[in-house]
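Topology and contacts: notes
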Amino acid sequence: MAHIKGLRYIKGRQRYYAVHAWRDGEGRQHQLKECLRTQDQLLAIQRLPDALRRLRSKARGEAIAMPPKPTDKGLELDTETNEWVPVLAGDVLDAEAFDYTWQQAAAIHAQRKHERTGRPLADSTLKIIDRAVRGVPKTPITFTTADVREYLDGLKAQGLQPITIRKLAVCLQGVTGSLIKSGYVSDTFTNPWQRIDFSAKSRNHHHVATAKECRDLLALDRWEFTVMIKCGFRVDELAHLKLIDGWLLLDEQEGYRPKTDSSVRKMPSPVSKIGKPLSRQALNERIKKVAPLCTNHSLRSGFKTACMEALLPTEITERLLGHALGPVAGAYGAMTDSVIGDAIAKAWNVIDRW
């Protein structure tokens, strides 16, 4: 393939990507990429210019243009009076202008969430949304409950796990909901995703690791399992941990933002060194060989069990897990290193007795 600037084929994803790279005023290099959703080179070349324009706008911090709402106000020239009169977009534009694509709806959803929270959606969340809307038949406002069932059946036919299916469906429910709440469709429109039960049928992901399962997994002597069982870190957080002076630190980094503000935390390390963790799937496969009922999240639940057996106050347990505290609990007192250290020591004493 001839080299084309800004076009890259990623073998692991088997897709072409548009790539925009630049250097900031301090000479640091940055890069943004957008999947062109094709393996065909000619089709990728056709989609490349628009994708690069979007990436350059994003790099400059420019807002992405949102599609029109039926309630948007404008002016129209009255040919009889030759005067400009106020009109609504819904009165002058064809209905097709308001039949938004899933990609447009996803952009509306992301903007609404940003405006509500003051923070952009995490990259991991955007990836899940992108996966959810990819290749979905029909458009959001033409979707029916029958279409929802057909979509869910298609995901099951792909062999996806119930928890993954639920995660994708929740994304599409939220995206459709944002169209309604942002005024892009009538508030009388019924969100079909709210009328179908797509809760995960499997409850294995809710299994709490038992004392024996934690003990058997710790015996494998992998730092990832030790950190998840003894500190309660999420599997997605492992790759972003820093080990500094015997403490594990999770904070916001370039290209990574923790799940919530409360996820930023610092805890004593039960290991002397850490490295690049195995993938989620690889870790899960190793867990299954020793504890078939467990998943990665079961280990985090096992840590919470240890905190409860150690009789730690709820506020401290929630802080150790990276959960947000209530408005009253979060407003008084401070979780100092001494408090965290003492609490962790008590939890470890419980785990060591298992």
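Everything that follows concerns the structure shown earlier in this document.
In short, a report on the structure. (Residues numbered from 1 in each chain as written. Predicted model: local features only at pLDDT ≥ 70, side-chain atom pairs only at ≥ 80, totals over all residues. Heavy atoms only, no water.)

Notes on a nonpolar patch on the surface
- Residues L75, L77 and W84 make up a contiguous nonpolar surface patch of roughly 350 Å² in combined accessible area.
- In this fold, L75 is placed in strand β4 (residues 73-78). (Patch = residues over 30% accessible without salt bridge, like charges linked within 9 Å, V, L, I, M, F, W, Y side chains within 5 Å. Areas by Shrake-Rupley, 256 points an atom, 1.4 Å probe, with all protein chains shown as cover. Salt bridge = Lys/Arg side-chain N within 4 Å of Asp/Glu carboxyl O. Helix = DSSP H or I, 4+ residues; strand = E, 2+ residues; numbered from the N terminus.)

Describing the state of the cysteines
- Within this structure, the stated rule accounts for zero disulfides.
- Left without a disulfide partner, C214 is nearest to the cysteine sulfur of C294, which lies 7.0 Å away.
- The exposure class of C214 is buried, given its relative accessible area of 0%. (Disulfide = S-S within 2.5 Å. Buried < 20%, exposed > 50% of the residue type's maximum accessible area, 1.4 Å probe, protein only.)

Brief notes about the packing of aromatic side chains
- If you walk through the whole model with that rule in mind, you get six aromatic pairs.
- Seen from their ring centres, W102 and W193 are 6.5 Å apart, and the 80° between their planes marks the pair as edge-to-face. In this pair, W102 is assigned in helix α3 (residues 102-117) and W193 in the loop between α6 (162-181) and α7 (211-218), connecting sequence segments 91 residues apart. The pair formed by W102 and W193 is uniform in burial state, with each residue classed as buried.
- Between Y151 and W193, the aromatic rings sit 5.5 Å apart at their centres with planes inclined by 85°, giving edge-to-face as the arrangement. You can see Y151 sitting in helix α5 (residues 145-157) and its partner W193 sitting in the loop between α6 and α7, a full 42 residues away along the chain. The pair Y151 / W193 is uniform in exposure class, with both members buried.
- Each residue in the set W102, F143, Y151 and W193 is aromatic and connected to the rest through ring pairs, giving one cluster. (Phe/Tyr/Trp six-rings, centres within 6.5 Å; stacked < 30°, edge-to-face > 60°.)

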